[in-house]
Amino acid sequence: MVPASTNIPDIARPEPCLSQGSIKPASVPYHGTMEGSDLSQRRSSSDNKSSGRSSFSSVRENDSDLAQTFTSTKVSSYSQPPETVIVDDEHPPSSSSSSPLSSPPPEMATITTTTRQFLPPKTQPQSKLHGCWFPAVAADGFQGWKQIDVRGRQASRSFGDLQALRIVWSAPPASNKPTPTKVPGRPTAGQAPIERLPLELLGPIIDLLVLDVPPNGISARNVDLMSLLLTSKTLHTATLHALYRKITIPHSRIFRKFLAHVSQNQELGTIVRRLDFSHFNPTTLFSTAAERSTTRNLTPETLLQCLEYTPYLREFLAQEHIDDEINEDVLCKLFLDLPACRPSTSRDAAMSAIPKFELPVSLAITRLSLHKCINLPSAVFESLMPTLSHLTHLDVAGTRITDEALLSIPRTARITHLNLAKCALLSPEVVVEFLATHPAVNGSLVFLSVASDARSHQLLDIEDVTRLLPTLPSTLRSLSLKGSKMDDSHIDLLRPLTKHLEELALGRGLRLLDIDRLFVPDENEDDVQMQLDWVPHTLKYLDISDYSAAELDFSTLFSNSISIMKKFSAPLEVVEVTDSLYGRLSKSPALQRLGWTVTEFGSRAWMVRRHSPEDGPRDSGLRSWKLGASFWGMRKIPMANAEVGGMYGSYMFKRKL
């Protein structure tokens, strides 16, 4: 990540999409883990809210009082003419500058050090992944950002302030200045309470100031962090660590600047944990492939060089726009030489080279997403799956994974998130057997999708669903049976699951009266005990988009005989319907009268319950198992702990399957 208003601003910035090691598909996102259930409130940039800017092809959840509202943009402010800019030269501003920090006090004029050391975290003293360098950039001759060419808005003074402070990492000049007098009651330099905190505490505190938003042209970013950089050596070190841990590359020029910077100051590369290309747009600067190849900014060679400079990389997020830059050498580096890295890989044919690699018996990859990598041959999965003994997240939706590859997943894996949607080469018998008996998923699943597009392929029949439902664990929070064939006998099997599920996508063949039984007990005289023992459901999201307008009887849906749309069906908040119903629902007075509205995005549409202020604050939707996403009905498993954004957001929420 890099600040937006210093000379590194143009280099890189924090980004969402995506967590601690995974491999992802060519056009889909890749994510990591979230440490707590409601890790923190979603942070957003005030400028982003006011201007509505976002990154290239960006899909973002919209912070409002209504769930399932998104923003989408195809044009970035990078393609717009700059407003007012200044070119910062190598010299600090004169003392007549209007900036309040243009003439710093003499004792602040130089921050220096003659030693370099690595500070490990106290709780993991052997870790090279979680500590940081002090000073964070200890390369010989590195002089802060003084010599980096950058352009910034006149309104932003961060770069000028840093110049004025002349932050350097070289030996201080001899000086006869008297030692400053200690002020009673005030800690000595470097001994303030916050500066004495261990890295495990100081890092997360500073992370709260990081904006998880895509780059927006030349607009100032992370201004609070820029201020921290000027505070003290300790905070400067910890802040730089926060800025560089997650690097977002929106276009090739920023990649070139980042690569040049880490090649000159290689300690910076040891900070990087995520390289995120999910917002990458190759047409931003160059309209043709010939122009892009001439510049040689982002090539397989430069990408491989970048990976060499980031030895502790844990997340690599890629998508189809960098297909040509991911060759066999890059893949070999990601899989073999960066064993802690969890990459999100493109669907380019280069992935087919994996069977040729001499893969170790076990890879350290924990999260792997090859979502919609439709060009990968089955041999890739048959070679790769047996090595994933530490796997926790697997997204192979729309791929050619086979029964043999699925069953070859090591028994030592502990899969919590599994997406097998639209895997046409899988047989229902093997899928049910795997989910029911394989130790890798037995008792650990939190997210499961066995969805299919019934128009072209059906994975599970009535008997398959009947055998599958009783085997699903109580840990499950999201289940998609979309495209499966179902009947009313499955309601009794689904009822126990609705006591812990928060998302449920139903297959075809049910009636509204059948679905309604998930929310209320049966009223027959023989079912009095059921009514007495009834436990309320936990569903927040229900997907009935397999049902057409003809199959959904609106007179029944909005009638008193159905409880789905009633207030007492809470906590149900979102009901997904086929997108062809959007126009009809948007004009329905009955929907509004019942306290619901309708939203749509891309090829999807939802009925969303309107929030009433007297009910207290709306559930933000943040869950640890969603890794930063807050809205419901993800089609793709997130692989990194970050806000939804870029092309990954499109695959998660904009597309049907």
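In the nomenclature of an unreviewed UniProt entry, the chain is known as F-box domain-containing protein of Apiospora saccharicola.

Caption draft 1: Seen up close, the overall build of the chain. Regarding its fold elements, the chain presents 21 helices and 21 strands. Within the chain, buried positions represent 56% of all 657 residues.

Caption draft 2: Quick peek at helix H10 (residues 328-337). Listed in full, the buried residues belonging to H10 are Val330, Leu331, Lys333, Leu334 and Phe335. The backbone nitrogen of Asp329 has a side-chain oxygen 3.1 Å away, supplied by the residue at the start of H10, namely Asn327.

Caption draft 3: Structural view of the side chain of Ser444. Locating Ser444 in the fold gives a position in the loop between helix H13 (428-437) and strand E15 (447-449). Those residues in contact with Ser444 that lie beyond four places of it in its chain are Arg414, Ile415, Thr416 and Thr475.

Caption draft 4: Looking closely at the environment of Asp533. You can see Asp533 is positioned in helix H17 (residues 528-533). Between the alpha carbons of Asp533 and Pro521 there is a distance of 9.3 Å; along the sequence they are 12 residues apart.

Caption draft 5: Layout of the packing of aromatic side chains. Evaluated as defined, the whole model comprises 6 aromatic pairs. Between Phe70 and Phe601, the aromatic rings sit 4.9 Å apart at their centres with planes inclined by 20 degrees, giving stacked as the arrangement. In this pair, Phe70 is assigned in strand E3 (residues 70-73) and Phe601 in strand E20 (residues 596-601), connecting sequence segments 531 residues apart. With respect to burial, Phe70 and Phe601 carry one shared label: buried.

Caption draft 6: Structural context of the packing of helix H9 (residues 300-309) against H10. Following both chains from N to C, one finds H9 and H10 inclined at 15 degrees, their axes separated by 9 Å at the closest point. In terms of orientation, H9 and H10 fall into the roughly parallel class. Note that H9 runs across H10; the crossing there is left-handed. Along the contact surface, H9 presents Pro300, Leu303, Leu304, Leu307 and Glu308, while H10 presents Asp329, Val330, Lys333 and Leu334. Class assignment of the residues belonging to the contact of H9 with H10 gives a composition of 6 nonpolar, no polar and 3 charged.

Caption draft 7: Empty space enclosed by the protein, seen in detail. Approximately 140 Å³ is the volume attributed to the largest cavity. For the largest cavity, the lining is made up of 17 residues, of which Phe447, Ser449, Ser480, Met634 and Arg635 are closest to its centre. Elements with a contribution of two residues or more to the lining of the largest cavity: E15, strand E16 (478-480), strand E17 (503-505) and strand E18 (541-543). Across the lining of the largest cavity, the residue classes tally to 9 nonpolar, 5 polar and 3 charged.

Caption draft 8: Inspection of the pattern of salt bridges at higher detail. Using the criterion set out here, one finds 20 salt bridges in the structure. Across the salt bridge formed by Glu502 and Arg623, the nearest N and O atoms sit 3.0 Å from each other. With a gap of 121 residues between them, Glu502 in the loop between helix H15 (490-494) and E17 and Arg623 in the loop between strand E21 (604-609) and helix H21 (646-654) connect regions that are remote in the sequence. You can call Glu502 buried: its relative accessible area is 11%. Classification of Arg623 by relative accessible area gives buried; the value is 14%.

Caption draft 9: Expanded view of unusual backbone geometry. A cis amide bond links Ala570 to the next residue, Pro571, at an omega of 15 degrees. In this fold, Pro571 is placed in the loop between helix H18 (554-557) and strand E19 (574-577). Phi is positive for Lys422, which is not a glycine, with a value near 55 degrees. As for its placement among the helices and strands, Lys422 is situated in the loop between strand E14 (417-419) and H13. A positive phi angle, near 50 degrees, is found at Leu627, a position not held by glycine. Topologically, Leu627 is positioned in the loop between E21 and H21. Leu627 sits in the buried class, given a relative accessible area of 2%.

Caption draft 10: Seen up close, the pairing of E19. Neither face of E19 is left uncovered, since the one carrying Val574 and Glu576 and the one carrying Val575 and Val577 both have all their residues buried. The pairing of E18 with E19 spans 3 bridges and is classified as parallel. Within the sheet, the bridge partner assigned to Leu542 lies in E19 and is Val575. In the sheet, E19 pairs with E21 via 4 bridges, with the strands oriented antiparallel. Opposite Val575, over in E21, you have Met607 as the bridge partner.

Caption draft 11: Seen up close, a nonpolar patch on the surface. Together, Ile194, Leu201 and Ile205 give the surface a local cluster of nonpolar side chains, amounting to about 250 Å² of exposed area. Its location among the elements puts Ile194 in the loop between helix H2 (158-165) and helix H3 (199-207). Its relative accessible area of 37% is what places Ile194 among the partly exposed residues.

Caption draft 12: How the structure looks around the environment of Ser389. Structurally, the position occupied by Ser389 is in the loop between helix H11 (378-384) and strand E13 (393-395). As a C-alpha pair, Ser389 and Ala364 span 25 residues in sequence and 7.5 Å in three-dimensional space. The residues touching Ser389, leaving out its near neighbours within four places in the chain, are Ser362, Leu363, Pro410, Thr412 and Ala413. Only 2.3 Å separates the side chain of Ser389 from the side chain of Ser362, close enough to count as a polar contact.

Caption draft 13: Focus on the side chain of Ser569. Relative to the helices and strands, Ser569 resides in the loop between H18 and E19. Side chain to side chain, Ser569 and Arg609 meet in a polar contact 2.6 Å long. Setting aside chain neighbours within four positions, we find Ser569 in contact with Phe519, His537, Ser563, Ile564 and Arg609.

Rules of the game
Residues numbered from 1 in each chain as written. Predicted model: local features only at pLDDT ≥ 70, side-chain atom pairs only at ≥ 80, totals over all residues. Heavy atoms only, no water. Helix = DSSP H or I, 4+ residues; strand = E, 2+ residues; numbered from the N terminus. Buried < 20%, exposed > 50% of the residue type's maximum accessible area, 1.4 Å probe, protein only. Polar contact = N/O pair within 3.5 Å; in protein donor to acceptor, adjacent residues only side chain to side chain. Contact = heavy atoms within 4.5 Å. Phe/Tyr/Trp six-rings, centres within 6.5 Å; stacked < 30°, edge-to-face > 60°. Axes fitted to C-alpha atoms, helices over the stretch in contact; angles between N-to-C directions. Parallel < 35°, antiparallel > 145°, perpendicular 65-115°, else oblique. Left-handed = near helix turned anticlockwise from the far one by under 90°. Nonpolar A, V, L, I, M, F, W, Y, C, P; charged D, E, K, R; others polar. 1 Å grid on protein atoms, 1.4 Å probe; cavity = no way out; pocket = protein on both sides within 12 Å on 5 of 7 lines; lining within 4 Å. Points joined across faces, edges and corners; volume = space filled by probe spheres on them. Salt bridge = Lys/Arg side-chain N within 4 Å of Asp/Glu carboxyl O. Pairing = 2+ DSSP bridges. Patch = residues over 30% accessible without salt bridge, like charges linked within 9 Å, V, L, I, M, F, W, Y side chains within 5 Å. Areas by Shrake-Rupley, 256 points an atom, 1.4 Å probe, with all protein chains shown as cover.

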